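# Summary of structural features
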Amino acid sequence: MLLETLVFCAFPASDSIYNLEPAFGSLKQQVNDLQESSWRDKKFRVCAFGDYEYLCKMYGLAGASGRHCCLRCNTTKLQMRQPPTSQSNIIEARTLETLQWDLQNFRNDGSKPDRTKTLNNVIEEPLFNIPLDQLKESEVAKQQTPKLKRADGPIVRKLEETLQLIKVHRQAYHGRSFVELTIKGYMAYFRQEFADETSPPKTHMLECPTVPFIRRWKVGLAFHGEQGVNQFMRGSTTFDGTSED
């Protein structure tokens with residue numbers, strides 16, 4: 001019985017959009033078919049992960065440093081410096097449909113590179129039709145771990161010690177508000193102490209989509225780290241057939 005399948009696509013070239021398009025072209029329909037499939041009445045969800053520059057290329061954005069560099073919404077880099085509740089302009093979430101709309105506007109305008117900043121920085125077709133709410137920055141699929149009793153794992157025990165040390169009430173964490181409050185506190189501190197610094201896209205991604213993503217997919221914050229991807233890859237074999245471990 002097939003339990004796990006790992007598919008590697010490797011080629012000796014840079015990950016420019018001109019190389020990625022032919023490399024992934026044959027996989028696009030397979031991804032579409034997989035997302036329409038189900039197993040025991042459970043629908044498959046295909047999730048994309050990778051570093052931010054790669055994900056921008058994957059979804060057709062001009063780059064990770066453009067005016068509208070967020071993959072989740074059309075906010076500008078200037079607006080990222082402000083708390084979401086105080087932003088004067090209406091921020092709209094990106095979807096596959098809005099990406100297509102922005103791309104069409106870019107092409108109708110003559111596909112001029114100097115006009116990308118006024119057209120939400122969309123310049124190419126997405127490589128895959130993976131919904132943006134299934135996008136995970138440096139994310140990783142769940143891995144099997146030994147079964148532990150509730151509140152009996154090493155991370156939970158260490159967390160309890162840390163919460164007591166910094167005088168955080170236990171119910172605040174278990175009330176599912178701990179992560180959200182911590183992010184808000186960190187961003188408030190960042191804006192106060194580093195008022196003259198720019199707010200990089202990573203802080204915006206932490207502030208806006210992290211908590212909704214956790215609530216939607218019921219996974220913890222640790223699954224957002226690229227360390228999980230590295231650990232996943234360590235369990236695979238190298239291309240010469242030898243194990244990395």
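Quick caveat, the model's predicted, so the values are computed rather than measured. (Residues numbered from 1 in each chain as written. Predicted model: local features only at pLDDT ≥ 70, side-chain atom pairs only at ≥ 80, totals over all residues. Heavy atoms only, no water.)

## Some words on the environment of C56
Relative to the helices and strands, C56 is located in helix α3 (residues 52-58). Accessibility expressed as a relative area gives 1% for C56, which makes it buried. The contact partners of C56, leaving out residues within four places of it in the chain, are L61, G63, A64, C69 and L71. (Helix = DSSP H or I, 4+ residues; strand = E, 2+ residues; numbered from the N terminus. Buried < 20%, exposed > 50% of the residue type's maximum accessible area, 1.4 Å probe, protein only. Contact = heavy atoms within 4.5 Å.)

## Notes on a nonpolar patch on the surface
A surface patch of nonpolar side chains, about 300 Å² in accessible area, is lined by L34, W39 and F44. Topologically, W39 is positioned in strand β1 (residues 38-39). (Patch = residues over 30% accessible without salt bridge, like charges linked within 9 Å, V, L, I, M, F, W, Y side chains within 5 Å. Areas by Shrake-Rupley, 256 points an atom, 1.4 Å probe, with all protein chains shown as cover. Salt bridge = Lys/Arg side-chain N within 4 Å of Asp/Glu carboxyl O.)

## Here we look at the nonpolar core
If you look at the biggest cluster of nonpolar residues, it comprises 30 residues, and the most contacted ones within it are M58, Y59, L71 and I130. Counting residues per element, this core draws most heavily on α3, at five residues. Residues contacting I130, with those up to four places away along its chain left out, are V31, Q35, V46, A48, M58, Y59 and L96. (Core = buried A, V, L, I, M, F, W, Y, C linked by side-chain atoms within 4.5 Å.)

## Focus on helix α4 (residues 96-108)
For α4, which comprises 13 residues, the first-to-last C-alpha distance of 18 Å matches the rise-based estimate of 18 Å (1.5 Å per residue) to within 8%. Burial in α4 covers these residues: L96, L99, D102, L103 and F106. Around the axis of α4, the buried residues are gathered within 125 degrees of arc, so they sit on the same side. Structural note: α4 exposes E97, W101 and N108 on the side pointing more than 90 degrees away from its buried face. G110 occupies a position one or two residues after α4 and carries a positive phi of about 100 degrees. (Expected span 1.5 Å × (residues − 1). Arc of directions from axis to C-beta.)

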